[in-house]
Amino acid sequence: MTNSEIIKKIFLLFNDDKNEEFIEVAKEYIDREKRKNHTLVARELEKALFQKVNISPSQKRFKQEVPIPRDGEKGFPLLEIQHFDNYFEDLILSSETKSQLERVVNEFKDSDILATYNLSYKKKVLLCGAPGTGKTFSVQTISSLLQIPLVYIRFDAIVSSYLGETAGNLRKVFDFIENGTWIVLFDEVDIIGKNRDDSHEHGEIKRVVNNFLQMLDNFKGKSILFAATNHQNMLDSAIWRRFDEVIDYRLPTQDTRVKLFDRYLRCLKRSKDIDLKSVAKASKGLSPSDIEMIATEAMKTAIIDSRNELSVIDLDDAIKKFQKREKVKHKKL
Ligand SMILES: Nc1ncnc2c1ncn2[C@@H]1O[C@H](COP(=O)(O)OP(=O)(O)OP(=O)(O)O)[C@@H](O)[C@H]1O
Ligand SMILES: [Mg+2]
């Protein structure tokens, strides 16, 4: 057994989640592994420890004191608190998009210094662009990086069922988030785009959006608020003005697709004949999420065939399968 296997076993045998001292020492060990750039080992150990004690790395630092707000009518929760342990390196984006995200993180980290100059960090960030390009994933990753839990809000769920209730629901959500430090994601703010055609609904939605924007304007807490959308057409100037930063997610370029395949195929040995550049060429127009799906499919084929190496055919077949699926989606059969 290697050293890390022994440690992992100790973490897994541990079964007293009240033993804070053990957890602290274990976390220190994991941090040291991270500092040595042993990311895979650190990740394995983190999983072993937190799976065992049933907490995520960030959860311990943030005790939630205020109850989660619920819809007045049906009583369903209006938001969800989520914990992630993603790695920033796993987010593969153009250097421009990534540095925009890094800037948001750095401003938040330096918010105290900025405040001494009477300046505020970027508090409201709008993420827009095609599906599967990493908008939600980026916010999850920032939550991991800053070790601050994510408050996840499905905007359309709050809005859709009872339009009349929406303002009240939004108020409850804002009251909750103003009470703590969070990474907040208003995901799928697409409702505005979806309801464009229906003029009655549209007027109502417009009111809701104005309401939302007002609450954004008056937001006082120390959090970062992200909103994500697929519909850039909602971006009239009133909305644009409200956000300190707008980040546009584009489909990956050839070079980025190579990186994505490399990342998502890393769990399995690859045949020397595989040329990721030509695989990436064959995947023009696909999103990171599509590429992840293709890579997973290809690796599974090799694994269930009891091969320990991925072949060119595995990848080709997975791409073909995906393209067929897309044709079904667009009814081109
Ligand atoms: N830029 C990326 N780098 C690495 N992996 C990615 C990236 N974008 C997406 N993925 C993978 O695809 C999954 C789905 O992406 P995500 O949910 O972030 O897309 P999205 O932009 O929010 O799409 P939608 O607009 O449909 O909500 C992610 O969980 C991740 O595994
Ligand atoms: Mg999303």
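Here the structure is a predicted model, which is why all the values come from computation and not from measurement. (Residues numbered from 1 in each chain as written. Chains lettered and ligands numbered in written order. Predicted model: local features only at pLDDT ≥ 70, side-chain atom pairs only at ≥ 80, totals over all residues. Heavy atoms only, no water.)

From N to C terminus, the protein chain includes 15 helices and eight strands. By the burial criterion, 46% of the 333 residues in the protein chain qualify as buried. The long-range share in the protein chain, meaning contacts at least 24 apart out of those at least 6 apart in sequence, stands at 76%. Counting every atom, the protein chain has about 18500 Å² of accessible surface; 49% of that belongs to carbon and sulfur. (Helix = DSSP H or I, 4+ residues; strand = E, 2+ residues; numbered from the N terminus. Buried < 20%, exposed > 50% of the residue type's maximum accessible area, 1.4 Å probe, protein only. Contact = heavy atoms within 4.5 Å. Areas by Shrake-Rupley, 256 points an atom, 1.4 Å probe, with all protein chains shown as cover.)

Moving on, we come to the packing of aromatic side chains. Counted under the stated rule, the structure contains six aromatic pairs. The interplanar angle of 70 degrees and the centroid separation of 6.2 Å between the aromatic rings of Phe174 and Phe219 together place this pair among those described as edge-to-face. Note that Phe174 is positioned in helix H8 (residues 166–178) and Phe219 in the loop between helix H10 (199–217) and strand E5 (224–229), a separation of 45 residues in sequence. On the basis of relative accessibility, which here comes to 5%, the residue Phe219 falls in the buried class. Considering the side-chain rings of Phe176 and Trp182, the 5.4 Å spacing of their centres and the 25 degrees angle between planes classify their relative orientation as stacked. The class for Trp182 is buried, based on a relative accessible area of 8%. Within the aromatic cluster, the residues linked to one another by ring pairs are Phe174, Phe186, Phe212 and Phe219. The ring of Phe88 is capped by Lys98, whose NZ or CZ atom sits 4.8 Å from the centre of that ring. The ring of Phe108 has Lys222 lying over it, and the distance from NZ or CZ to the ring centre is 5.0 Å. (Phe/Tyr/Trp six-rings, centres within 6.5 Å; stacked < 30°, edge-to-face > 60°. Lys NZ or Arg CZ within 6 Å of the ring centre and 35° of its normal.)

Take the site of ligand 1 next. Close to ligand 1 lie 19 residues; Gly132, Lys135, Asn230, Tyr264 and Glu292 are nearest. In the model, an oxygen atom of ligand 1 is placed 3.0 Å from a nitrogen or oxygen of the Gly134 main chain. Asn230 places a side-chain nitrogen or oxygen 2.7 Å from an oxygen atom of ligand 1. Considering ligand 1 on its own, with 630 Å² of exposed area, one finds that the protein chains cover 81% of that surface. A molecule is said to occupy a pocket when more than half its atoms come within 2 Å of that pocket's grid points, and by this definition ligand 1 occupies the second largest pocket. Looking at the shell around ligand 1, the elements that each hand over two or more residues are helix H6 (135–146), helix H12 (254–264) and helix H14 (288–304). A class-by-class count of the residues in the shell around ligand 1 yields nine nonpolar, six polar and four charged. Per-domain counts for the shell around ligand 1 show at least three residues from each of domain 2 (80–249) and domain 3 (254–329). (Near = heavy atom within 4 Å. Polar contact = N/O pair within 3.5 Å; in protein donor to acceptor, adjacent residues only side chain to side chain. 1 Å grid on protein atoms, 1.4 Å probe; cavity = no way out; pocket = protein on both sides within 12 Å on 5 of 7 lines; lining within 4 Å. Sits in = over half its atoms within 2 Å of the grid points. Nonpolar A, V, L, I, M, F, W, Y, C, P; charged D, E, K, R; others polar. Domains from an automatic or database assignment.)

Time to look at the nonpolar core. In terms of nonpolar packing, the biggest core is built from 33 residues, with Val151, Phe174, Ile177, Phe186 and Phe212 touching the most fellow members. If you list the elements that add at least two residues to this core, you get strand E2 (124–129), strand E3 (150–154), helix H7 (155–160), H8, strand E4 (183–187), H10 and E5. Sort the elements by how many residues they give to this core and H10 lands first, with seven residues. Ranked by size, the runner-up nonpolar core spans 24 residues in total, among them Phe84, Leu91, Leu185 and Ala228. (Core = buried A, V, L, I, M, F, W, Y, C linked by side-chain atoms within 4.5 Å.)

A pair can form between side chains of opposite charge whenever their charged atoms are brought close. The final tally for this structure, using the stated rule, is 18 salt bridges. Arg171 is the salt-bridge partner of Asp175, the closest N and O atoms lying 3.1 Å from each other. A residue pair is termed a helical-turn pair when its members lie 3 or 4 positions apart in one helix, as Asp175 and Arg171 do in helix H8 at four residues. You can call Asp175 partly exposed: its relative accessible area is 38%. Given a relative accessible area of 35%, Arg171 falls into the partly exposed group. Its salt-bridge partner being Arg307, residue Asp314 comes within 2.8 Å of it at the nearest N-O pair. Residue Arg307 is classed as partly exposed on the basis of its relative accessible area of 29%. One network of salt bridges, with partners in common, ties together Arg43, Asp90, Arg263 and Arg266. (Salt bridge = Lys/Arg side-chain N within 4 Å of Asp/Glu carboxyl O.)

Together, Met1, Ile6 and Ile10 make up a nonpolar patch on the protein surface, roughly 310 Å² of accessible area in all. With respect to the secondary-structure elements, Ile6 resides in helix H1 (residues 3–13). When its relative accessible area of 38% is taken as the criterion, Ile6 is described as partly exposed. (Patch = residues over 30% accessible without salt bridge, like charges linked within 9 Å, V, L, I, M, F, W, Y side chains within 5 Å.)

So, on to the pairing of E2. Taken across its six residues, E2 has six buried, putting it largely inside the fold. Burial of E2 is two-sided: the residues Lys124, Leu126 and Cys128 facing one way and the residues Val125, Leu127 and Gly129 facing the other way are all buried. Taken together, the five bridges between E2 and E5 define a ladder with parallel strand orientation. Bridge pairing in E5 links Lys124 to Leu225. (Pairing = 2+ DSSP bridges.)

This part covers the sheet that holds E3. The strand order across the open sheet formed by six strands is E1-E3-E4-E5-E2-E6, and the pairing between neighbours is mixed. Only two strands of the sheet have a single partner each, and these edge strands are strand E1 (80–82) and strand E6 (245–249). Each adjacent strand pair in this sheet contributes to an overall mean axis angle of 25 degrees, direction not counted. Pairing analysis gives five bridges linking E3 to E4, with the strands arranged parallel. Within E4, the position partnered with Leu150 by the bridge is Ile183. Each of E2, E5 and E6 touches helix H4 (residues 95–109); the most contacted strand, E6, lies at about 150 degrees to it. Contacts from H6 reach E2, E3, E4, E5 and E6, with the element oriented near 170 degrees to E4. (Axes fitted to C-alpha atoms, helices over the stretch in contact; angles between N-to-C directions.)

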